[in-house]
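Descriptive structure summary
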Amino acid sequence: MPRTSSAKTTSKKSSNLPSESKEELLDYLRQMYEIRNFEDTLYRLLREGVIKGASHLYAGQEAVAVGSVAVIEDRDVIASTHRGHGHCGAIGNKHAKSEKARQEHWNKMMAELMGKATGYCKGRGGSMHIADVEKGNLGSTGIVGGNIPIATGAALAEQIKGTGAVVLCYFGDGATNTGSFHEALNMGSAMLCGLPVVYICENNLYGMSVPFHDKSVQCAGQASAVKDVADRAAAYGMPSAICDGMDVLEVKKAVREAVERARRGDGPTLVECKTYRWYGHSSSDQRAYRTRDEEAQWKERDPLTVLRNKLLKLGIATEAELDAAEKKAVKTIEEATKFGIDSPYPDVSELYNDIYVPKNPQELASEIKAEKNYLPKVKEIEAEVRKVANATLPKVKASEVKALEAKFGMPIKTYGQALVDAQREEMERDDTVIIMGEDVGLYGGAYAATRGLYDQFGPTRVIDTAISEAAIVGAAGGAAMRGLRPIAEIMYIDFLTISSDQLIHNLSYNRYMFGGKTKVPAVVRTEGGVGRSIAAHHSENMEAMFMNVPGLYIVMPSTPYDAKGLLKAAIRDDNPILFIEHKVMYSSVMGPVPDDDYIIPLGVADVKREGTDATIVAYCRMLHFAMDAAEKLAAEGINVEVIDPRTLNPLDAPCIAKSVRKTGKLITVSEGYPRCGVAGEIVRQVMEYRFDDNTTGFDYFDCQPVMLSGKDCPIPMSEPLEDACVPTVEDIVAAVKAIV
């Protein structure tokens, strides 16, 4: 795929007549007046208390939004920033094919900022998260720079799908000092020889109160020793351009060249628009970091005035025609304001709507019924494998595998092989499924969980990335929003701390914040746990941290059978899913794995062993410890029931509660830390579960639940210390004996 050399250009003004028609130019002016009046109205309503919360006003930067959006087509998309009213206004106008549609667009914008039910996002997103995903606006984000990986992932999706669409990604100068900026631009430039994305920096000279480079108040700080953001493009091997962000036609020219380059397959461009915001960072900002003289100088170059003067000077329009464009804009915003004020607030009964993509009840029931056809034979074979292995983690020799397969007629595979099978089958079934991450391609994954897939599906389906966790997860989210089903591998769960902004604020929240108008069907595969003496940065169990996040499913398989069936179900699901494996189990746990195209429904626990004396709930590696403990207890006449929840969110609380009603006792087993851990959440949901007779799970506890967990210390490297960090089989046996 051809690439242009890295070069920075500065667009220069031309004395030639604009190529745009008079109608187009007058509409650009009207659009800028609409944005300006929208922002001025917001400022007034914020001061009056009609609008609540934070609003970061776009006034002064109108030429960037209008000029750049004028270049793109209906198939193209944008990703916006926290100062995104102008972008939303411009792209909404582009898709409005009538005056009525245009008014409805501004009505929805104003209603959204007022938190009304008629807003674009049903009042859930507000100023910093406004979006119209259905019309190509992937939304704003309140995290500075947080939208840049999303835009990059969206561009990846368009490239893989072959749509020819281009993504415009907006951000301010402040975002250029964040990790997301560097990771995403590097990914956009390097991935698949360059993605169709235009990175547009609206350099309004200040990141909140800190000057980017030049300053008029000498005691102010400085964010960058480099004057031009465009200079940074060379580090990523992409071309750049600087344009006058106060001149709508200069912006349009610079962005048009970048869009044309992206559309013909030459990769991304960084366009820096030099602009200025009229208001402070937010409505409470007193702007002490810049002088009033500086503000006055910039306001002499108001983008509205620049275009008006140009149209008058070139004889394109009269003063009356320019005034008419302004009056239309004023009227549009006045009507939008009235619409917003008159609109109702959302009903509080809708509070929980659109957090997750709901599962069809009939489909779920069918999946549960289908899995019951496999479970009896699978459990029989698993019991035989444990018997032959004679160890806590069931691993058998190659000769024993052959004997077991001959006896039962079902393949015996490792946990890791089951994961490879699941991904292969789903990629064969659905060409929108891709894998992306560090070392997932030629290397086959750090734990061989993608081995052989690169050879079968090639570099556009199994994509090796740079070490960029935030960009990997964020790009997976953007690609999912644009129609792919990405599987993003993060080598160790410890590294998710780097990408938690993307996982939480974008993948998990976008559906809800954008009014249920998008889906983010991305799977983030990762692994955790102790057992390899690699210390605290590569051994944590962090599932409890992410259980705190609404909108995110968490899956933790314990057996090869579960690993394949759950991963296939996760890939097909329309919700973002954190799929956590255990590093020790890839090659050390073996079991039956049907060749059939089976899935295990999410949110359905498995009673691994039935019993009457106590209920043990354990998952992932600890499930095998619990099963070993159950055998030892059975030899002493104590019959325990062992439940594997398989998914922690959604949690099958009814299954566990029904078991506790039978046994009266509950022991939870987890490798995670004790404080704010998984055990506490399991106990809470079981206690609160209400049966048909109106009793609760709490009513059936005969004694206090026992919560076995990892120790309250970072994971040490030394093997004996590491072993002491998590529950043992003996700990489980002792806990049961203490309460039975």
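Residues numbered from 1 in each chain as written. Predicted model: local features only at pLDDT ≥ 70, side-chain atom pairs only at ≥ 80, totals over all residues. Heavy atoms only, no water.

A word on the side chain of Arg485
Note the threshold: For helices the rule is a DSSP run of H or I covering at least 4 residues; for strands it is a run of E covering at least 2, with both sets numbered from the N terminus onward. Exposure categories follow from relative accessible area, calculated using a 1.4 Å probe and restricted to protein chains: below 20% of the type maximum is buried, above 50% is exposed, and the middle band is partly exposed. Contacts between residues were defined by any pair of non-hydrogen atoms, one from each residue, lying within 4.5 Å.
Structurally, Arg485 is set in strand β12 (residues 485–490). Residue classification places Arg485 among the buried residues on the basis of a relative accessible area of 18%. In this structure, Arg485 is in contact with Asp430, Thr432, Val433, Ile434, Pro521, Ile571, Arg572, Asp573 and Asp574, ignoring residues within four places of it in sequence.

What to know about the nonpolar core
Quick reminder of the rule: To define a nonpolar core, start from buried Ala, Val, Leu, Ile, Met, Phe, Trp, Tyr and Cys residues and group those joined through side-chain atoms within 4.5 Å.
Counting residues in each nonpolar core, the largest one holds 226 residues, and the members touching the most others are Met436 and Ile667. Of the residues forming this core, the biggest block, 11 residues, is contributed by helix α1 (residues 22–48). What Met436 contacts, discounting residues up to four positions off in sequence, is Leu156, Met187, Met191, Ile463, Thr465, Ile472, Ala475, Ala476, Ile487, Ala488 and Glu489.

Re the environment of Asp74
Short version of the rule: Throughout this description, a polar contact denotes any pair of N or O atoms lying within 3.5 Å of each other; where both atoms belong to protein, one of them has to be capable of donating a hydrogen while the other can accept it, and for residues adjacent in sequence the pair is counted only when both atoms sit in side chains.
Mapped onto the fold, Asp74 is located in the loop between α2 (62–69) and β2 (77–79). Residue classification places Asp74 among the partly exposed residues on the basis of a relative accessible area of 40%. Here the alpha-carbon distance between Asp74 and Thr615, two residues 541 residues apart in the chain, equals 57 Å. Engagement of the side chain of Asp74 in a polar contact is seen with the side chain of Lys97, the distance being 3.1 Å.

Describing the environment of Asp266
As for its position among the elements, Asp266 is in the loop between α7 (248–263) and β8 (269–274). Asp266 sits 181 residues away from His85 along the chain, and the two C-alpha atoms are 30 Å apart. Among the polar contacts made by the side chain of Asp266, one reaches the side chain of Arg264 at a distance of 2.6 Å.

A closer look at the packing of aromatic side chains
Heads up, the rule is: Note on aromatic pairs: the rings of Phe, Tyr and Trp (six-membered ring only in Trp) are paired at centre separations within 6.5 Å, and the planes decide the class, stacked below 30 degrees, edge-to-face beyond 60, tilted for the rest. The rule is short: NZ of Lys or CZ of Arg within 6 Å of the ring centre and within 35 degrees of the ring normal puts a charge over the ring.
Taken as a whole, this structure holds 16 aromatic pairs when the rule is applied. Among the aromatic residues, those joined into a ring-pair cluster are Tyr415, Tyr447, Tyr492, Phe495 and Tyr586. Directly above the aromatic system of Tyr345 lies the positively charged group of Lys116, at a separation of 4.8 Å from the ring centroid. Above the face of the Phe691 ring, Arg661 is positioned so that its terminal group lies 4.1 Å from the ring centre.

Some thoughts on the confidence of the model for the protein chain
Rules: The predictor rates its confidence in each residue with pLDDT, a number between 0 and 100.
Counting all residues, the mean pLDDT for the protein chain is 95, and 98% of those residues have values of 70 or more. When the criterion is pLDDT under 50, residues 1–6 qualifies, and its contacts beyond four places in sequence or with other chains add up to 22 contacts.

Examining the pattern of salt bridges
It is possible for side chains of opposite charge to pair when their charged atoms get near one another. Operational definition: Any carboxyl oxygen of Asp or Glu within 4 Å of a side-chain nitrogen of Lys or Arg constitutes a salt bridge here.
Per the stated rule, a full pass over the model turns up 63 salt bridges. Arg482 is the salt-bridge partner of Glu158, the closest N and O atoms lying 2.7 Å from each other. With a gap of 324 residues between them, Glu158 in helix α5 (residues 147–161) and Arg482 in the loop between α16 (469–481) and β12 connect regions that are remote in the sequence. Accessibility classification places Glu158 together with Arg482 in one group, the buried group. Among the charged side chains, a salt-bridge network with shared partners connects Glu425, Glu426, Arg429, Lys564, Lys568, Arg572 and Asp597.

Re helix α20 (residues 560–572)
Formally: To estimate the expected span of a helix, count its residues, drop one, and scale the result by 1.5 Å.
For α20, spanning 13 residues, the distance from its first C-alpha to its last is 19 Å, which sits close to the expected 18 Å at 1.5 Å a residue. By the criterion of burial, α20 is predominantly enclosed, with 12 of the 13 residues buried. Looking only at α20, the buried set comprises Pro560, Tyr561, Asp562, Ala563, Lys564, Gly565, Leu566, Leu567, Lys568, Ala569, Ala570 and Ile571.

Digging into the pairing of strand β4 (residues 197–203)
Spelled out, the test is: When DSSP finds at least two bridges between two strands, those strands are taken to pair. Here is how to tell: hold the view so the strands point away, follow the path from the first strand over the helix to the second, and if it runs clockwise the crossover is right-handed.
By the criterion of burial, β4 is predominantly enclosed, with seven of the seven residues buried. In this sheet, β4 lies alongside strand β3 (residues 167–172) in parallel orientation, the contact comprising six bridges. Note that in β4 the partner of Cys169 across the bridge is Tyr199. Each parallel crossover has a hand, and the one from β3 via helix α6 (residues 179–190) to β4 is right-handed. Looking at chain direction, β4 and β8 are connected through six bridges and run parallel. By the bridge assignment, Cys201 is partnered in β8 with Glu272.

Some details on the packing of helix α12 (residues 375–389) against helix α13 (residues 398–408)
As a reminder of what qualifies: Geometry is summarised by axes, namely lines fitted to C-alpha atoms with helices restricted to the contacting stretch, and by angles between N-to-C directions that run from 0 to 180 degrees. Oblique is the label for any angle not covered by the other classes, which are roughly parallel (under 35 degrees), roughly antiparallel (over 145) and roughly perpendicular (65 to 115). The sense of a crossing depends on the near helix, which, turned anticlockwise from the far helix by less than a right angle, makes the crossing left-handed and, turned clockwise, makes it right-handed.
Interhelical geometry of α12 versus α13 gives an angle of 150° and a closest axis separation of 11 Å. When the interaxial angle is binned, α12 and α13 end up roughly antiparallel. Crossing angle aside, the handedness with which α12 passes α13 is right-handed. For the pair α12 and α13, the contacting residues are Lys377, Glu380, Ile381, Glu384, Val385 and Val388 in the first and Glu400, Leu404, Lys407 and Phe408 in the second.

Observations concerning the sheet that holds strand β19 (residues 640–644)
Within the open sheet, the five strands sit side by side as β17-β19-β18-β21-β22. Their pairing is mixed. Only two strands of the sheet have a single neighbouring strand rather than two, namely β17 (606–609) and β22 (706–708). Put simply, the sheet's adjacent strands are angled 25° from each other on average, direction ignored. As defined by bridge partners, β17 adjoins β19 across three bridges and the pair is classed as antiparallel. By the bridge assignment for β19, Val607 is matched with Ile643. Across the sheet, helix α22 (residues 621–634) touches β17, β18 (614–618), β19 and β21 (666–669), and the angle it forms with β19 is around 170°. Seen against the sheet, helix α26 (residues 729–739) touches β18, β19, β21 and β22 and runs at an angle of roughly 175° to β22.

A closer look at unusual backbone geometry
Residues Asn649 and Pro650 are joined by a peptide bond in cis, for which omega reads 0°. Within the fold, Pro650 resides in the loop between β20 (647–649) and α23 (653–663). With a phi angle near 70°, Ala535 is a residue other than glycine that sits in the positive phi range. Considering the arrangement of structural elements, one finds Ala535 in the loop between β13 (523–528) and α19 (543–547). Note on Ala535: relative accessible area 23%, which makes it partly exposed.

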